[in-house]
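One-letter residues, chain by chain:
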Amino acid sequence: MAWSNFKVLIIGGGPVGLFAAHALRSVGFDFLLLEQREDIIIDVGACLALTPATLRVFQQLGLLNQLLAIGCELEKRQTFTLDGHLFDSTLFQCMKKNHGSSIHVFHRAELIKLLYDSLGDDRRKIMTGKKVTDIITRDDGVKAICDDGSTYQGSIILGADGAHSKTRRLMRELALKSNPTMEWDLERPYTSTYKCMFFSSPEASAPGLFVDTESKNRSIIYATSKHRTWVFLSEKLQQPTAERASYTVEDADTFAKSFEDYPVTKSLKIRDILSQKASSGMVNLDEGLVKHWSWGRIVLAGDSCHKFTPHAGLGFNNGVQDIVVLLNELRAVSSAPGHVPNSAELTNAFQSYQTSRYEPLKADSFVSGLITRLQAWDNTFYYILARYIAPLRIWEYLLWNYAAPQGMKITPVLDGICCGAFPRGN
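The structure presented is a predicted model; accordingly, all values stated were derived computationally and were not measured.

Rules of the game
Residues numbered from 1 in each chain as written. Predicted model: local features only at pLDDT ≥ 70, side-chain atom pairs only at ≥ 80, totals over all residues. Heavy atoms only, no water. Helix = DSSP H or I, 4+ residues; strand = E, 2+ residues; numbered from the N terminus. Rg over C-alpha atoms; globule rule 2.2 N^0.38 Å. Buried < 20%, exposed > 50% of the residue type's maximum accessible area, 1.4 Å probe, protein only. Contact = heavy atoms within 4.5 Å. Areas by Shrake-Rupley, 256 points an atom, 1.4 Å probe, with all protein chains shown as cover. Lys, Arg positive; Asp, Glu negative; His and termini not counted. Charge placed at Lys NZ, Arg CZ, Asp CG, Glu CD. Patch = residues over 30% accessible without salt bridge, like charges linked within 9 Å, V, L, I, M, F, W, Y side chains within 5 Å. Salt bridge = Lys/Arg side-chain N within 4 Å of Asp/Glu carboxyl O. Core = buried A, V, L, I, M, F, W, Y, C linked by side-chain atoms within 4.5 Å. UniProt positions renumbered as here; feature names shortened; annotations may be inferred. Phe/Tyr/Trp six-rings, centres within 6.5 Å; stacked < 30°, edge-to-face > 60°.

A count of helical and extended segments in the protein chain gives 12 helices and 20 strands. In terms of overall size, the protein chain behaves like a compact globule, its C-alpha atoms giving a radius of gyration of 22 Å where 426 residues would be expected to give roughly 22 Å. Each principal axis of the C-alpha distribution contributes one length, and for the protein chain these read about 65 × 45 × 35 Å. When each of the 426 residues of the protein chain is scored for burial, the buried share is 53%. The contacts of the protein chain with a sequence gap of at least 6 include a subset with a gap of at least 24, amounting to 74%. Of the roughly 18,700 Å² of accessible surface on the protein chain, 52% is carried by carbon and sulfur atoms. A gap of 2 Å separates the mean positions of the 46 positive and 45 negative side-chain charges of the protein chain.

Structure representation (structure tokens):
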């Protein structure tokens, strides 16, 4: 069934925005994507980790085989400390036993390229160099105005434009303009307690390895695939901040060199792979959960309304779940042939979407923040938990075989699309 009179304007051409384009067309919704950069595919030194629940949704979209061809399944997890202690984890083995797959890692730029290329003729609906400067919302639709003077009309606007979302800021302005006494999120709703320099390099050790190196106020994530290695170097800031930071290449290089003697495997230290550094970047790690996800015909998804640190790899996975739940709600109010949902129906759908997602996101936000602070031994409690409790086999067994699978089993999929049999691998 197609809803030819219902068009979604997607703001943001990152992974969540491109995934939204695929999901929308899979259920028959029209879309147009506006990206402020001149290019969709920009190489940065980051990787994305996809859980079995996310892979299941990609299977629904017919993209799983293409996806698995460019990724790598994580098979071995280890934890190092600076004084030489090594802890092995059974995480990935438990995940594969319980869900048919463990976590797969992908180079961000390669995943974006796959999502873009596989849109085929619908790539004409992706407009680059379109920086949205204003939004006009009415009872019968919305209009996005760009800095080049162009305008685009649709039924709703979906803001998938990241942690510093312009859509979120414009929505806030519209809401407060309509009611200045309304309680709303701050203009900068996220807070950073850590900063991170990340880079990629050629393959430095066997693929499928994930290592975290722990120390006081600093930590490392090291992950390998068939052709590439990713490294994340994190450090606690002197004090939390909501201000947006800008780091130069020199800042990032100096920061990375301060980690040179940190181990990432039994035989490798950061110095051994830093000289082969390819694409890289450095940012403050925003954290937070926005209270207002929609207003009028504007709705947010992904980092625009929630932001996690990268240590648990939950950001993109939750963005996918946002789109899945939102589309299921939209389908529910558009189920009658030819029916175009009115503003009241959209408001209810948006609220139901946020209500469904809020508690799972609160839980994942806690988990992500906890892992970040455990790896950085943020205080005495976290140090004891990281060094003496978390490595216990009985704790791992209960966590990965009983607690974690319960959440994985209830993650939603797109309504009306067959999932099929998930390939369990060898």
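Assignment of secondary structure puts Gln-321 in helix 9 (residues 315-333). With sequence-adjacent residues up to four places away left out, Gln-321 is seen in contact with Ala-53, Val-57, Arg-357, Thr-411 and Pro-412.

Turning next to a nonpolar patch on the surface. A contiguous nonpolar patch, built from Ile-384, Tyr-388, Ile-389, Leu-392, Ile-394, Trp-395, Tyr-397, Leu-398 and Tyr-402 and spanning about 890 Å² of accessible area, is present on the exposed surface. At the level of secondary structure, the elements contributing two or more residues to the nonpolar patch comprise helix 11 (380-389) and helix 12 (393-409). Take Tyr-402: it is sitting in helix 12. Residue class for Tyr-402 comes out partly exposed when judged on its relative accessible area of 47%.

All right, on to the nonpolar core then. Ile-10, Phe-19, Leu-50, Leu-158 and Ile-323 are the most contacted members of the largest nonpolar core, which totals 73 residues. When residues in this core are grouped by element, the largest group, eight residues, is from helix 9. Excluding residues that lie within four positions of it along the chain, Phe-19 makes contacts with Val-57, Phe-58, Leu-61, Leu-115, Val-320, Ile-323 and Val-324. If you look at the next biggest cluster of nonpolar residues, it comprises 22 residues, including Ala-49, Met-95, Phe-210 and Ala-376.

Let's shift gears to the pattern of salt bridges. Taken as a whole and assessed by the stated rule, the structure comprises 22 salt bridges. In this structure, Glu-243 and Arg-188 form a salt bridge, with 3.8 Å as the shortest nitrogen-oxygen distance. Highlighted residues: Glu-243 in the loop between strand 16 (228-241) and helix 7 (249-257) and Arg-188 in the loop between helix 6 (166-178) and strand 13 (191-202), separated in sequence by 55 residues. The class for Arg-188 is partly exposed, based on a relative accessible area of 47%. As a salt-bridge pair, Glu-287 and Arg-373 come within 2.9 Å of each other at their nearest N and O atoms. Of the two residues, Glu-287 sits in strand 17 (residues 280-289) while Arg-373 sits in helix 10 (residues 343-375), which places them 86 residues apart along the sequence.

Time to look at the UniProt feature "domain: FAD-binding" (unreviewed entry) in the protein chain. The feature "domain: FAD-binding" (unreviewed entry), as given by UniProt, occupies residues 7-334 in the numbering adopted here. Split by type, residues 7-334 is 28% helix and 34% strand. Its first and last C-alpha atoms lie 12 Å apart.

Further remarks concern helix 2 (residues 52-60). Taken across its nine residues, helix 2 has eight buried, putting it largely inside the fold. What helix 2 keeps buried is the set Pro-52, Ala-53, Thr-54, Leu-55, Val-57, Phe-58, Gln-59 and Gln-60. Two residues or fewer after helix 2 comes Gly-62, characterised by a positive phi angle close to 75°.

Summed over the entire model, instances satisfying the criterion amount to 13 aromatic pairs. For the ring pair Phe-92 and Phe-210, a centre distance of 6.3 Å and an interplane angle of 85° mean the geometry is edge-to-face. A residue pair is termed long-range when its members are at least 10 positions apart, and Phe-92 in helix 4 (residues 91-99) and Phe-210 in strand 14 (residues 209-215) qualify at 118 residues. Across this residue pair, the class does not change: Phe-92 and Phe-210 are buried.

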